[in-house]
Amino acid sequence: MTFRYYPGCTLKTKARKLDETARRCAAALGAELVEPADWQCCGAVYPMAKDEIAPKLSAVRALADAKAQGQELVTLCAACHNVLKRTNLDMANDEHTRDAANRYLQLPEAYSGETTVLHYLELLRDRIGWDAIRAKVTHPLTGRKIGAYYGCLLLRPAREMQMDDAENPTIIEDFLRAIGAEPVVYAMRNECCGAYVTMEDRAAAKARVEAILQNAQACGCEELTTACPLCLYNLRENGGALKVTYFTELLAQALGLEAAE
Amino acid sequence: MNDTYLEYQAEILRMTDRDPKRCMICGKCTASCPAFSEMDFHPHQIVGMVERCEFDVLETVEGLWHCMSCMACSERCPRDVQPARFMDAVRQWRIRKQGGEHLHPQQVPEKIDEATPQQAIAAAFRKYRK
Ligand code: SF4
Ligand code: SF4
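Given the structure is predicted, the values throughout are model-derived calculations rather than measurements.

Criteria and cut-off values
Numbers given to residues run from 1 along each chain, matching the order in which its sequence is written. Chains carry letters from A onward and ligands carry numbers from 1 onward, assigned in written order. Per-residue local features of the predicted model are confined to residues with pLDDT of at least 70, and side-chain atom pairs are confined, for both listing and counting, to 80 or more; whole-chain, interface and lining totals are unaffected and use all residues. Note: side-chain values were computed over all heavy atoms of the structure, leaving out hydrogens and water. To qualify as a helix, a DSSP run of H or I must reach at least 4 residues; to qualify as a strand, a run of E must reach at least 2; elements of each kind are numbered from the N terminus. Burial here depends on accessible area, computed with a 1.4 Å probe over protein chains only, as a share of the maximum for the residue type. Under 20% is buried, over 50% is exposed, and the range in between is partly exposed. Here a residue-residue contact requires only that any non-hydrogen atoms of the pair lie within 4.5 Å. Computed by Shrake-Rupley with a 1.4 Å probe, the accessible areas treat only the displayed protein chains as cover when residues are assessed. One heavy atom within 4 Å of a molecule or strand is enough for the residue carrying it to be called near that molecule or strand. Following the grouping adopted for this structure description, the nonpolar residues are Ala, Val, Leu, Ile, Met, Phe, Trp, Tyr, Cys and Pro, the charged ones are Asp, Glu, Lys and Arg, and the polar ones are all others, Gly among them. In this scheme Phe, Tyr and Trp rings, the latter by its six-membered ring, pair at centre separations within 6.5 Å, and the angle between planes marks the pair as stacked below 30 degrees, edge-to-face above 60, and tilted otherwise. Whenever Lys or Arg places a side-chain nitrogen within 4 Å of a carboxyl oxygen from Asp or Glu, that contact is recorded as a salt bridge. Put simply, buried area is how much 1.4 Å-probe accessible surface two parts lose in total, over both of them, once they are put together. Distance and chemistry together define a polar contact, namely a pair of N or O atoms within 3.5 Å, with one atom able to donate a hydrogen and the other to accept it when in protein, and with adjacent residues in sequence counting only for side-chain atoms on both sides.

Undergrad: I'd like a rundown of the overall build of chain A, residues and numbers included.
TA: The secondary structure content of chain A amounts to eleven helices and eight strands. Classification of the 261 residues of chain A by burial places 62% in the buried group. Pairs at least 24 residues apart make up 74% of the contacts formed inside chain A by residues separated by at least 6 positions. Here chain A displays about 9,600 Å² of accessible surface, and carbon together with sulfur accounts for 48% of that area.

Structure (structure tokens):
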């Protein structure tokens, strides 16, 4: 199985761990991730205003490249995934965005949302499968009580993201079970960590994180896992009460590619 | 009604592609908003102020900068008003105006540390300046 892979800028710098462990695990699970030579930053937030076209163009380039290769496009950073997936839907369903973007880009072939965008978690669930993953686990995370921290971007808007139920998601818990850990469900796993508001008002972000960590601890989480570099940053730097890792680090441990700390 | 305000309203409705008249003021968006305690005005009020063309107030709302675009309000709105789009559109309207930038590049060094991900900086530039 070969996929186009869009890492995004944070995975090349502060979140290298997320990128590296994801690549090694994909290879071990028989999925080849091919990174295009010339992708550009997706802009980190989906432009909600209908009249904004230019901020969507880098996402459209990445989507059109995957179409040209005839491959599905795998994302990993929750923010990139949100931008690429939603922009793709605009290209398929919104005539104004589609026409304007194609006019700007002058691609060899017009793009209308043909690419399938998959988050790495969907690659695990829908293309590889939990059973196949379970079969490859050599170092199960037995006894580790881990809370999934979904945050916002993987799930919402549910109508567009279509990954899971926005209020009662299970995909990360299913993943944790597949690698032998004990998932702990807590109420605030899909409440916002403060996101970019940490740049505007750090105290506000701290208040968000404190509420999340208190709830997670009260429910019995001993550590948290996430797919988003900004969630990880906020949970660690504006909180710190619980250990937080990228879900791909846990996968790498379970597959015996990396020792548990 | 002031013509300029009607133009502002038209601009915002172009951005949101949603009719604020659909709002039934149930307050579910505001109840869902994790930034509630830092906001002077809340999502359901922002929707109402756009509908009533209260741009003199919208010009001064500070709560916009505390919206995290978490989409909880839009997800839970029973009338599909998409209040998060209204928050974002009013914020866009503010930063698009001359001198409306809320973040200057010179301020960035003091707001970040060793671990700050690029994602936070890119997102803040998108949300706080044109
Ligand atoms: S949830 Fe929707 S209908 Fe209810 S107050 Fe908010 S915008 Fe209006
Ligand atoms: S998108 Fe903004 S207004 Fe809506 S719930 Fe989140 S923080 Fe509150």
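Undergrad: A description of the environment of Met71 of chain B should follow, citing residues and the corresponding values.
TA: Mapped onto the elements, Met71 of chain B comes out in the loop between α4 (55-58) and α5 (72-76). The exposure class of Met71 of chain B is buried, given its relative accessible area of 5%. Met71 of chain B sits 22 residues away from Trp93 of chain B along the chain, and the two C-alpha atoms are 19 Å apart. The contact partners of Met71 of chain B, leaving out residues within four places of it in the chain, are Met48, Arg86, Arg156 and Pro157 of chain A together with Gln82 and Ala84 of chain B.

Undergrad: Please provide a residue-by-residue account of the site of ligand 1, values included.
TA: Around ligand 1, the surrounding shell holds 13 residues, and the nearest of these are Cys23, Cys26, Gly27, Cys29 and Cys77 of chain B. Of the residues in the shell around ligand 1, the class split is nine nonpolar, two polar and two charged.

Undergrad: How would you sum up helix α4 (residues 95-105) of chain A? Please name residues and give values.
TA: All names here are of chain A. For α4, the set of buried residues is Thr97, Arg98, Ala100, Ala101, Asn102 and Leu105. Those residues of α4 that are buried are in contact with α2 (57-69) and α3 (78-93). After α4 finishes, the residue Gln106 shows a positive phi value of roughly 50 degrees.

Undergrad: Summarise the packing of aromatic side chains; cite the residues concerned and give the values.
TA: If you walk through the whole model with that rule in mind, you get eleven aromatic pairs over all chains. Between Phe55 of chain B and Trp93 of chain B, the ring centres sit 5.1 Å apart and the planes meet at 65 degrees, which makes this aromatic pair edge-to-face. Taken together, the positions of Phe55 of chain B in helix α4 and Trp93 of chain B in helix α6 (residues 83-96) put the pair 38 residues apart, joining distant regions of the chain. Looking at Phe55 of chain B, the relative accessible area reads 0%, which means it is buried. Here Trp93 of chain B falls in the buried class, since its relative accessible area comes to 1%. Put simply, the rings of Tyr120, Trp130, Phe175 and Phe247 of chain A touch in pairs and so form one group of aromatic residues.

Undergrad: I'd like a description of the pattern of salt bridges, backed by residues and values.
TA: Residue and element names in this part refer to chain A. The full count for this structure, using the stated rule, is 29 salt bridges over all chains. A salt bridge links Lys17 to Glu258, with the nearest nitrogen and oxygen atoms 3.4 Å apart. Taken together, the positions of Lys17 in helix α1 (residues 16-28) and Glu258 in the segment after α11 (247-254) put the pair 241 residues apart, joining distant regions of the chain. The exposure class of Lys17 is partly exposed, given its relative accessible area of 36%. Judged by relative accessible area, which is 19%, Glu258 ranks as buried.

Undergrad: Hey, could you go over unusual backbone geometry for me, with residue numbers and the actual values?
TA: Residues Arg156 of chain A and Pro157 of chain A are joined by a peptide bond in cis, for which omega reads -5 degrees. Backbone geometry at Asp17 of chain B places phi at a positive 55 degrees, although glycine is not the residue there. Structurally, the position occupied by Asp17 of chain B is in the loop between α1 (3-16) and α2 (28-32). With a phi angle near 55 degrees, Asp80 of chain B is a residue other than glycine that sits in the positive phi range. Tracing the backbone through its elements, the reader meets Asp80 of chain B in the loop between α5 and α6.

Undergrad: A description of the interface of chain A and chain B should follow, citing residues and the corresponding values.
TA: Residue-level contacts link 44 residues of chain A with 47 residues of chain B. Taken over both partners, the interface formed by chain A and chain B buries close to 3,900 Å², and the fraction arising from carbon and sulfur atoms is 55%. The three residues of chain A that bury the most area against chain B are Met48, Tyr196 and Met199 of chain A, which together make up 22% of that side's buried surface. At the boundary of chain A and chain B, one finds seven salt bridges. With a shortest N-O distance of 2.9 Å, Arg96 of chain B and Asp51 of chain A are connected by a salt bridge. For the pair chain A and chain B, the interface holds 22 residue pairs in polar contact (both at pLDDT 80 or more). Its residues placed into classes, the side of chain A that touches chain B shows 25 nonpolar, five polar and 14 charged.

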